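Each chain is listed here by its residues.
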Amino acid sequence: MNWDLVFTENNIRRLLIGDYPVSLGGVALTVELSLIGMVFATLLGFLVGYLRFAGPRPVRWLAGGYVELLRNIPLLVLVFWAYFAPPYFGFKPTKFSSVLLAIVLFNAAYIAEVVRSGLLSVPVGQIEAARAIGLSPLQQALYVMLPVAAFNTIPAMTGRYITLLKGTSLAFLIGLSEVTEIGRQINNRLLTAPIEVYATLLVIYFCLNRTLSALMRLLEDRRRFNRVFCLFVR
Amino acid sequence: MYQPDWSILLGEAGRLLLDGALVTLELSGFALVLALLLGFLFGVLRWSEIRLLRPVCWLYVEFLRNTPPLVQLLFWYFSATVILPTSVVMVLRDYGFQFVAAVFALGLYHSGFIAEIVRGGLNAIPRGQYEAAEAIGFGFPHTVRYILLPQLLRIIAPSLVNETVSLVKNTSLALAIGVADITYQARYIDYATFRGVEALTAVTVFYLVLCSSIAGLGHYLQRRLSRNRRTAT
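Our subject in this report is the structure included herewith. Here the structure is a predicted model, which means the values were calculated and not measured.

1. With respect to the overall build of chain A
Part 1: Helix and strand counts for chain A stand at twelve helices and two strands.
Part 2: Ordered by position from N to C terminus, the α and β elements of chain A give α-α-β-β-α-α-α-α-α-α-α-α-α-α.
Part 3: Seen along its three principal axes, the alpha-carbon backbone of chain A occupies a region of about 70 × 45 × 30 Å.
Part 4: A burial count over chain A gives 43% of its 234 residues as buried.

Right, here's the structure in full:
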């Protein structure tokens with residue numbers, strides 16, 4: 001085993017932050033990509049899920065079509081669409097934005113399904129009560145349905161976020177220097193320690209995902225969830 | 001504005017895509033069999049709660065589920081040449097080393113998820129039923145055949161179908177180690193002929209049709225299974 005070949009100061013720094021002053025990479029880029037992806041996928045997912053649940057009929061079909069389409073295509077094919085197809089139409093996207101777009105569109109479809117099942121778990125009586133006291137549809141959605149649905153979907157969302165984080169590794173196939181790409185570069189330079197390099201990558205992802213699910217589990221506490229929720233919805 | 005030329009899909013490019021589609025199907029099939037075998041094994045072991053095996057099974061499932069399939073694929077592919085004896089590697093080379101590595105890695109990855117599905121299904125069957133089976137004199141094979149399996153399959157069928165769809169989609173990752181599946185062929189056509197849009201469209205339609213039919217089959221099976229359901233009430 002050649003662990004000391006892998007864990008040189010230079011390699012550790014590259015795995016963590018890439019070639020930072022020049023360009024951010026490594027774990028930092030993976031985390032950045034995941035966090036931005038989570039925010040946008042969640043927003044889009046909630047929108048599509050809500051429209052599928054309560055939109056007018058044509059919109060509901062459209063949202064359903066979006067979910068069915070995106071859930072039956074591999075993420076990799078979406079990444080290739082987002083990166084290799086635009087140049088044919090005279091537009092060159094950055095690697096980061098391509099991967100981000102693919103990840104957001106792909107995971108939003110799954111999150112929409114999670115949200116829809118969350119909305120179905122809101123007791124009908126509560127929605128009727130909200131309507132009875134004269135809340136507008138937007139107020140009903142924001143103050144009555146959203147808090148209940150969002151809280152009920154936390155466990156499923158955790159699974160989705162983990163899949164999203166794992167999906168960022170696909171970025172290396174178009175050459176974005178997140179942690180998998182850095183690992184591949186280190187392996188290509190060493191050539192003698194593939195097990196050590198890739199085992200390190202696996203452990204890094206494992207730690208990231210366990211941290212993520214531990215953080216999400218904090219939100220499963222009703223009062224803590226309400227405090228966080230009130231930061232966003234007034 | 002780019003003018004797509006769909007007729008290329010009828011020529012050489014179409015043949016390459018067809019080859020790739022066959023590889024995707026083969027890869028999915030083999031990986032699914034492996035995933036089901038290992039998944040059921042570890043699912044039953046996790047459910048049985050044998051104290052010695054508990055940390056092993058936990059580590060197996062959690063590690064497989066919390067790391068990217070792509071990195072696992074690279075790990076197994078590059079490690080195999082180091083771990084396995086040279087003679088075995090030489091034999092595997094003849095059968096497409098990349099293909100075997102991809103089957104192994106993808107099968108293993110999804111077995112982690114299937115193990116959790118199986119464990120969940122087994123937990124959903126009340127323990128009292130085994131005791132009842134024993135009380136009326138069923139042996140182990142009869143209990144499995146008439147009490148356990150019919151209920152288990154009905155409970156886990158929808159999740160298993162979802163997992164199959166997910167597995168088929170993940171076979172596209174195999175291009176990272178050079179398996180010439182349909183996604184790989186699309187990239188190749190893009191390099192060689194600058195007709196990437198047409199190729200990607202064909203690939204998208206292929207996955208869409210394949211995955212929706214698996215999901216559709218799942219819905220059909222689920223309806224069939226719940227129709228024959230007899231409740232105790």
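2. With respect to the interface of chain B and chain A
Part 1: At the interface, 28 residues of chain B touch 28 residues of chain A.
Part 2: Elements supplying a minimum of two residues to the side of chain B that touches chain A: α3 (69–83), α8 (182–193) and α9 (196–227) of chain B.
Part 3: Per-class residue counts for the side of chain B that touches chain A are 17 nonpolar, nine polar and two charged.

3. A look at unusual backbone geometry
Part 1: You will see that Leu191 of chain A, though not glycine, has its phi angle at about 65°, which is positive.
Part 2: Among the secondary structure elements, Leu191 of chain A is positioned in the loop between α10 (179–190) and α11 (194–218).
Part 3: You can call Leu191 of chain A exposed: it has 8 C-beta atoms within 10 Å.
Part 4: One non-glycine residue with positive phi stands out, namely Phe194 of chain B, at about 55°.
Part 5: Mapped onto the elements, Phe194 of chain B comes out in the loop between α8 and α9.

Rules used throughout
- Residues numbered from 1 in each chain as written.
- Chains lettered and ligands numbered in written order.
- Predicted model: local features only at pLDDT ≥ 70, side-chain atom pairs only at ≥ 80, totals over all residues.
- Helix = DSSP H or I, 4+ residues; strand = E, 2+ residues; numbered from the N terminus.
- Buried ≥ 20, exposed ≤ 12 C-beta atoms within 10 Å, placed from the backbone.
- Contact = placed C-beta atoms within 7 Å.
- Nonpolar A, V, L, I, M, F, W, Y, C, P; charged D, E, K, R; others polar.

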